[in-house]
Amino acid sequence: MYVIKVKGVAKIPDYVQLRDEAFTLLAYFRVDRPDKSLEKIGLGEKTDYIMQIVAEMPFGQIKKIDI
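Residues numbered from 1 in each chain as written. Predicted model: local features only at pLDDT ≥ 70, side-chain atom pairs only at ≥ 80, totals over all residues. Heavy atoms only, no water.

Under an unreviewed UniProt entry, the name given to the protein chain is Fructose-6-phosphate aldolase, and the source organism is Sphingobacterium gobiense.

Further remarks concern the overall build of the protein chain. Along the backbone of the protein chain there are 2 helices and 4 strands. Mapped in sequence order, the helices and strands of the protein chain form the string β-β-β-α-α-β. Taking 11 Å as the expected radius of gyration for a compact globule of 67 residues, we find that the protein chain reaches 11 Å, a close match to that expectation. Reported as C-alpha extents along the three principal axes, the dimensions of the protein chain are approximately 30 × 20 × 20 Å. Counting over 67 residues, the protein chain shows a buried share of 36%. Look at the contacts in the protein chain between residues 6 or more apart in sequence, and 32% of them connect residues 24 or more apart. Total accessible area on the protein chain is roughly 4,500 Å²; 52% of this is exposed by carbon and sulfur atoms. Here the protein chain contributes 11 positive and 10 negative side-chain charges, whose respective centroids are spaced 8 Å apart. (Helix = DSSP H or I, 4+ residues; strand = E, 2+ residues; numbered from the N terminus. Rg over C-alpha atoms; globule rule 2.2 N^0.38 Å. Buried < 20%, exposed > 50% of the residue type's maximum accessible area, 1.4 Å probe, protein only. Contact = heavy atoms within 4.5 Å. Areas by Shrake-Rupley, 256 points an atom, 1.4 Å probe, with all protein chains shown as cover. Lys, Arg positive; Asp, Glu negative; His and termini not counted. Charge placed at Lys NZ, Arg CZ, Asp CG, Glu CD.)

Given below as structure tokens:
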């Protein structure tokens, strides 16, 4: 799975994208509101782990994670 942190501009907030190995979009959510999106794709129990990785990432970087 891949995590991408996207910097928002003006009124558009910062977002996170989660993509699978084929780079298909699995989830797209605001950095400050990950709960519903992660629950929807079955990763609710991994929220803290994923958000810790996101917090440490610079904007615009793609990071591969194993879940």
